[in-house]
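Analysis of the macromolecular model
So you can see what is in the structure, the chains are spelled out below.
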Amino acid sequence: MPEAEKPATPEVELALIRAVAEEAGRIAMRYFGRDPEVWLKDGRSPVSEADMAVDAFLKDALLGARPDYGWISEETVDDRAVAARRRIFVVDPIDGTRAFIAGKDVWCVSIGIVEDGRPLAGVLDCPARGEVVEASLGSGARQNGRGIRVADLAGGKRLKIAMARSALALLPEDFRNRVEPYPYVPSLAYRIAMVARGEIAGTFVRPNSHDWDLAAADLILAEAGGAVVTTDAERLRYGGLTRKHGTLVAASGELLDEMLGVVAQTAFG
């Protein structure tokens, strides 16, 4: 019998999704700043014609290259989402749709490949900012080809933490006095990438984020020396029966543990 074909390595998978994300970013830019048609999904979440155009391209390009993979996207449902498949594409065609619609540049095309529930490769293509943030398992994280790492928090530096200002009063006083709240970042994936490159020290994530918001950014942060974890300090799994997650913390080192302690002590989330 012929030898079974070996699955693509994380580096090969990253090369695929990087190229596809680049083209998806170009498609999105055709709509950016041009008043795209917008409607409400589920009566509350905005979606634009750009989201749908990018999603259609991603599904065709990615499943055309890997037809046996599963598919999870914010904008489309596919029977592959519930079938038992070892590798799954987890996609958000435009993470930060509200920013995109408003003409703000903090949004990205997010593509992750998950194997057995864990991210294997991930890319965030942010064409309006000229940034590509990416990682493959075991090979580190990069932005525009250069390695990135989480912030060095030694020396008692003030902690830039992305969080709602309304939640600041909920923090324990000793922790609050060391925090410099970072202004709202509309794209969760991009916010986690900011932790990965050391621009901010960490972020609290309120409940109801989804697989497609997190899978690619999760790997990027892990490869940069940090982690996205649940309130039980557990790493996330993707592609399960539920796509939603509860309160999360994204940071690194001792700060990660400290932020988990803060969540345990307060009504944060």
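Before any of the text, the structure's been laid out above.
To keep things clear, this report deals only with the structure shown in the data block. (Residues numbered from 1 in each chain as written. Predicted model: local features only at pLDDT ≥ 70, side-chain atom pairs only at ≥ 80, totals over all residues. Heavy atoms only, no water.)

1. What about the overall build of the protein?
The helix and strand inventory of the protein stands at 7 helices and 16 strands. In summary, the protein has a C-alpha radius of gyration of 18 Å against a globular reference of 18 Å for 269 residues, a match within 12%. With respect to the three principal axes, the spread of C-alpha positions in the protein is 60 × 50 × 35 Å. Buried residues in the protein amount to 53% of all 269 residues. A separation threshold of at least 6 residues defines the contact pool for the protein, and within that pool the share at least 24 residues apart is 59%. With an accessible surface of roughly 12400 Å², the protein has 49% of that area assigned to carbon and sulfur atoms. (Helix = DSSP H or I, 4+ residues; strand = E, 2+ residues; numbered from the N terminus. Rg over C-alpha atoms; globule rule 2.2 N^0.38 Å. Buried < 20%, exposed > 50% of the residue type's maximum accessible area, 1.4 Å probe, protein only. Contact = heavy atoms within 4.5 Å. Areas by Shrake-Rupley, 256 points an atom, 1.4 Å probe, with all protein chains shown as cover.)

2. Observations concerning the nonpolar core
Across soluble globular proteins, you tend to see nonpolar side chains buried next to one another. In terms of nonpolar packing, the biggest core is built from 39 residues, with V90, L124, I192, L214, I220, L221 and V228 touching the most fellow members. Listed by contribution, the elements that provide at least two residues to this core are strand 4 (87-95), strand 5 (108-115), strand 6 (118-126), strand 7 (131-136), helix 5 (188-196), helix 6 (211-223) and strand 16 (248-251). Once residues within four sequence positions are removed from consideration, V90 is found in contact with I72, S110, I111, G112, V114, D211, W212 and A215. (Core = buried A, V, L, I, M, F, W, Y, C linked by side-chain atoms within 4.5 Å.)

3. A few points about the pattern of salt bridges
Per the stated rule, a full pass over the model turns up 18 salt bridges. In this structure, the salt-bridge partner of R30 is E23, at a minimum N-O distance of 3.8 Å. Ionic pairing is found between R129 and D105, a salt bridge with its closest N-O pair at 2.8 Å. Note that R129 is positioned in the loop between strand 6 and strand 7 and D105 in the loop between helix 3 (97-101) and strand 5, a separation of 24 residues in sequence. Residue classification places R129 among the partly exposed residues on the basis of a relative accessible area of 32%. Overall, D105 belongs to the partly exposed group, its relative accessible area being 30%. (Salt bridge = Lys/Arg side-chain N within 4 Å of Asp/Glu carboxyl O.)

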